[in-house]
Amino acid sequence: MDTTTDTPGASPDFVQSLARGLSVVKAFDAAHPQRTLSDVAKATGLTRATARRFLLTLAELGYVRTDGSRFWLTPRVLELGYSYLSSLTLPDVARPHLEALAAAVRESTSVSVLDGDDIVYVARVPVTRIMTVSITLGTRFPAHATSMGRVLLAGLTPAELDAYLARAELTPLTGRTVVTADDLRAQLDRVRRDGYCVVDQELEEGLRSLAAPIRDASGAVVAAVNISTHAARYTREVVDEELVPAVVAAAAAISADLASTQTH
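Notes on the structure follow. From a predicted model like this one, the values you see are computed outputs, not experimental measurements.

1. Some thoughts on the nonpolar core
- One finds Leu-90, Val-111, Leu-210, Ile-214, Val-225 and Ile-254 to be the most contacted residues of the largest nonpolar core, which totals 29 residues.
- At the level of elements, helix H5 (90-105), strand E4 (108-115), strand E5 (118-125), strand E8 (207-215), strand E9 (221-230) and helix H9 (236-262) are the ones that each hand at least two residues to this core.
- With eight residues, the top contributor of residues to this core is H9.
- Not counting residues within four places of it along the chain, the set of residues in contact with Ile-254 comprises Leu-90, Val-93, Ala-94, His-97, Val-111, Ile-214 and Val-225.
- Counting residues in each nonpolar core, the second largest holds 26 residues, with Leu-152, Leu-161, Val-199 and Leu-207 among its members.

2. Some thoughts on the pattern of salt bridges
- Under the counting rule described, the total for this entry stands at twelve salt bridges.
- Salt-bridge contacts for Asp-115 lead to Arg-140; the nearest nitrogen and oxygen are separated by 2.9 Å. Here Asp-115 is found in strand E4, whereas its partner Arg-140 is found in strand E6 (residues 140-142), with 25 residues between them in sequence.
- Of the residues examined, Arg-140 reaches a relative accessible area of 39% and is grouped as partly exposed.

3. Regarding the side chain of Thr-174
- Following the sequence through the fold, Thr-174 ends up in the loop between helix H7 (158-167) and helix H8 (181-194).
- What makes Thr-174 buried here is its relative accessible area of 10%.
- Only 3.0 Å separates the side chain of Thr-174 from the backbone nitrogen of Arg-176, close enough to count as a polar contact.

4. Structural notes on empty space enclosed by the protein
- If you walk through the whole model with that rule in mind, you get one cavity of 30 Å³ or more.
- In this structure, the largest cavity encloses a volume near 100 Å³.
- Lining the largest cavity we find 17 residues, and of these Thr-146, Leu-203, Leu-207, Ser-209 and Asn-226 sit closest to its centre.
- For the lining of the largest cavity, the secondary-structure elements that each account for two or more residues are E5, E8 and E9.
- Here the element with the most residues in the lining of the largest cavity is E8; it accounts for three residues.

5. Considerations on helix H3 (residues 48-61)
- Relative to the 20 Å expected for 14 residues at 1.5 Å per residue, H3 spans 20 Å between its end C-alpha atoms, a close match to the ideal helical length.
- Those residues of H3 that sit buried are Thr-50, Ala-51, Phe-54, Leu-55 and Leu-58. Here the buried residues of H3 occupy an arc of 130° about the axis, which is enough to place them on one side. Exposed and oriented more than 90 degrees from the buried face of H3 are Arg-53 and Glu-60.
- Elements that come into contact with the buried residues of H3 comprise helix H1 (16-26), helix H2 (37-44), strand E2 (64-66) and strand E3 (70-73).
- A positive backbone phi angle near 95° is found at Gly-62, which sits one or two residues after H3.

6. Brief notes about the sheet that holds E3
- With antiparallel pairing, the three strands of this open sheet are ordered in space as E1-E3-E2. Strands with a single pairing partner mark the edges of an open sheet, and in this sheet they are strand E1 (34-36) and E2. Strand-to-strand twist across the sheet, computed as the mean angle between neighbouring axes with direction ignored, equals 30°.

Cut-offs applied
- Residues numbered from 1 in each chain as written.
- Predicted model: local features only at pLDDT ≥ 70, side-chain atom pairs only at ≥ 80, totals over all residues.
- Heavy atoms only, no water.
- Core = buried A, V, L, I, M, F, W, Y, C linked by side-chain atoms within 4.5 Å.
- Buried < 20%, exposed > 50% of the residue type's maximum accessible area, 1.4 Å probe, protein only.
- Helix = DSSP H or I, 4+ residues; strand = E, 2+ residues; numbered from the N terminus.
- Contact = heavy atoms within 4.5 Å.
- Salt bridge = Lys/Arg side-chain N within 4 Å of Asp/Glu carboxyl O.
- Polar contact = N/O pair within 3.5 Å; in protein donor to acceptor, adjacent residues only side chain to side chain.
- 1 Å grid on protein atoms, 1.4 Å probe; cavity = no way out; pocket = protein on both sides within 12 Å on 5 of 7 lines; lining within 4 Å.
- Points joined across faces, edges and corners; volume = space filled by probe spheres on them.
- Expected span 1.5 Å × (residues − 1).
- Arc of directions from axis to C-beta.
- Pairing = 2+ DSSP bridges.
- Axes fitted to C-alpha atoms, helices over the stretch in contact; angles between N-to-C directions.

None of this, on its own, says anything about what the molecule does.
This is the structure we're talking about:
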């Protein structure tokens, strides 16, 4: 059995074959819902023979279908993510609060967690579509350019934040995106001081979002809740006076309910 790898920094227990199989699944995305064998081999860096074995194994397990020349994922792959989501109390706890928040402000609301250098959406109540990409459960965005990401980064320990800033690529997604470690640190200091974050058109032009931290029973930041809106829909004064108090209150309510489930 393949239990080791030449991957730099990998532990002795790293299973390379599992990593390769997961890379094949991740080769499919919204931009590439179907791929040929050659496409998959190129996207993963695997040989055609290796990619073929993984694809045919996934097909036998029901995670992939093929017409003989092209491959695509089946809905069964959702089981992999559902195992994680179904083990969480957070989405269930957050859902009624997101629905109430969305109804009150008439804007889309979401909850995300930090995964590596990205945020991952684990709960969402959409009202209108305001981004060029569709946001669903599991959607990922770089943490540095999002309100929820900054709330989550602000909740890291100093050592964790130093490690993040040492490795993260602070890619400019718009002309407004913060792209230096010093500037991002200053933004995170403000988030800690204010207890919320507003990001104006840094992830996408025309998009303004604001977020507040969700804390567990120990007070640690474990998730973030946000409101997303068109930048032109509200003045910054209205955002500060109406939307910020609403998202902060929702975060507090989710935190209280989450803490309750953790102490019973």
